[in-house]
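# Structural overview for review
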Amino acid sequence: MSDLVSLFINSVFIGNILLAYFLGMCSFIAVSKNITTASGLGFAVIFVLTITSPLNWLIYHGLLAPGALSWAGFPDMDLSFLKYITFIAVIAALVQAVEMIIDKYSPLLYASLGVFLPLIAVNCAILGTSLFMVERNYTFMESIIFGAGSGTGWLIAIVSMAAIRKKLAYADIPKGLDGFGITMIVAGLMAMTFMMFSGITL
Amino acid sequence: MSETRYKEILFKGIWSENPVAYQVLGICSALAVTVKMSTAIVMSLALTLVTAFSSMIISSMRHRIPSNIRIIVELAVIASLVIVTDEILKAFFYDISKQLSIFVGLIITNCIVLGRAEAFALANDPLSAFVDGIANGLGYSLILISVAFLRELLGAGQFLGFSVIPSAVYNAGYQDMGLMLLAPGAFFIIGLLVWLKNSISGISHSQ
């Protein structure tokens, strides 16, 4: 149990998916202009990550990993090279399905999250989490916690960035640096703050 | 399709509408693989080839793809090319493919590839789409290699793995800037490079 708690804290702060591994930068830059939309997208990312990470775990360990097909009489089969195309198909299909389910059963939630869901299919944080999950040999429970933790870390990063950019509107920034440039430098300072956590051993 | 048109596409992709600095695409990997020159060069090559071929293939199928499922078709084309790239890297550059870790796979969701497919390949003939893919790939490589050059030089005092800063400089009290090898260094360098590029070319910022 304590392992899972430390994995969660680790993936939220120390190995923050955005500030330490740079995943999900594109939507981080594009959607961090407004706190409400930023937190909407952040919650959608947590939601999708918590489902796709364990789902991809099941598919990888049930079908693709070396020797996973031994139950079907192919003990030497290694389909792990198919993981990219499988994962991206699972993510795209799942995002589509989630969008339809939310639209049907919770119009209120759809109104706030709906527009962000298509964006998520090509957010590299989602695919990256699934690939890290394979590379680091997580167990099934760990894959759920890692998905939720990465999503939470991403939410914290994008909401703080949106808050900072709101304040930046009043700052006098040199012309060439305004916009993308200053956003990157602010993100750098945020990454330095998050590095403070890396001295903590759990 | 005249030669000047290809030149124009090349110039746009590499400089005036540079994918990283102007269109703000594909930043994830631009930050992650730039600790060393060698990984940056391999990543640039892989991305340029994947973008060029995916643009060409998607462009040649553009009349046959139903528009409501085009994203998934594009992703399937890109993912197949990435699998091929990954297998080639594993076979011939095993050490570098280990260092690139998951970032080769993440070419699939690299917005440059999908962005060019959506914005250019669906509306143009295969040959211009191929040139456009090469141009954007080179534009990405330009940023990636400059960032990697600065980070490796300032952070480790090396160029392609060779120490280039003479030991006399270290004896005089110079120290490598460890920050450059860590995540924040990448953000700072990209931010400053964008500032430099905007000041040189006089392009107003993209936002």
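What you see is a predicted model; the values in this text were computed from it and never measured.

## Some thoughts on the overall build of chain B
A count of helices and strands for chain B gives nine helices and two strands. In sequence order, the secondary structure elements of chain B are arranged as α-α-α-α-α-α-α-β-β-α-α. Here the C-alpha radius of gyration of chain B, 18 Å, is about what a compact globule of 207 residues would show, namely 17 Å. Structurally, chain B occupies a C-alpha span of about 65 × 45 × 30 Å along its principal axes. Burial analysis of chain B (207 residues in total) assigns 49% to the buried set.

## Let's talk about a nonpolar patch on the surface
Taken together, the side chains of Ile41(B), Leu45(B), Phe149(B), Phe159(B), Leu160(B), Phe162(B) and Val164(B) make up a nonpolar region of the molecular surface, amounting to roughly 630 Å² of accessible area. The residue Phe159(B) is located in strand β1 (residues 158–159) in this model.

## Notes on the nonpolar core
Residues Met25(A) and Phe28(A) are the most contacted members of the largest nonpolar core, which totals 108 residues. Not counting residues within four places of it along the chain, the set of residues in contact with Met25(A) comprises Leu18(A), Met184(A), Ile27(B), Cys28(B), Leu31(B) and Phe187(B).

## Some details on the pattern of salt bridges
All names here are of chain B. Evaluated as defined, the whole model comprises two salt bridges over all chains. For the salt bridge of Arg-116 with Asp-132, the shortest nitrogen-to-oxygen distance reads 3.0 Å. Here Arg-116, found in helix α6 (residues 111–119), pairs with Asp-132, found in helix α7 (residues 126–156); they are 16 residues apart in sequence, far enough to count as distant. With respect to burial, Arg-116 and Asp-132 carry one shared label: buried.

## Here we look at the confidence of the model for chain B
Residue and element names in this part refer to chain B. Looking at chain B, pLDDT values average 82 and 95% of them are 70 or higher. Averaged over each element, pLDDT in chain B is lowest for helix α2 (residues 27–32) (75) and highest for helix α3 (residues 37–60) (89). In the model output, the complex is listed with pTM 0.82 alongside ipTM 0.78.

## A closer look at the interface of chain A and chain B
Contact residues are listed per partner, giving 42 residues for chain A and 41 residues for chain B. In terms of surface lost to chain B, no three residues of chain A exceed Phe22(A), Tyr84(A) and Phe180(A), which account for 21% of the buried area on that side. One can count zero salt bridges joining chain A with chain B. Elements with a minimum of two residues in the side of chain A that touches chain B: α2 (25–31), α4 (83–105), α7 (124–135) and α9 (180–195) of chain A. A per-element tally of the side of chain A that touches chain B places α9(A) first, with ten residues.

Quick notes on the rules
Residues numbered from 1 in each chain as written. Chains lettered and ligands numbered in written order. Predicted model: local features only at pLDDT ≥ 70, side-chain atom pairs only at ≥ 80, totals over all residues. Heavy atoms only, no water. Helix = DSSP H or I, 4+ residues; strand = E, 2+ residues; numbered from the N terminus. Rg over C-alpha atoms; globule rule 2.2 N^0.38 Å. Buried < 20%, exposed > 50% of the residue type's maximum accessible area, 1.4 Å probe, protein only. Patch = residues over 30% accessible without salt bridge, like charges linked within 9 Å, V, L, I, M, F, W, Y side chains within 5 Å. Areas by Shrake-Rupley, 256 points an atom, 1.4 Å probe, with all protein chains shown as cover. Salt bridge = Lys/Arg side-chain N within 4 Å of Asp/Glu carboxyl O. Core = buried A, V, L, I, M, F, W, Y, C linked by side-chain atoms within 4.5 Å. Contact = heavy atoms within 4.5 Å. pLDDT = per-residue confidence, 0-100. Buried area = accessible area lost by both parts, 1.4 Å probe.

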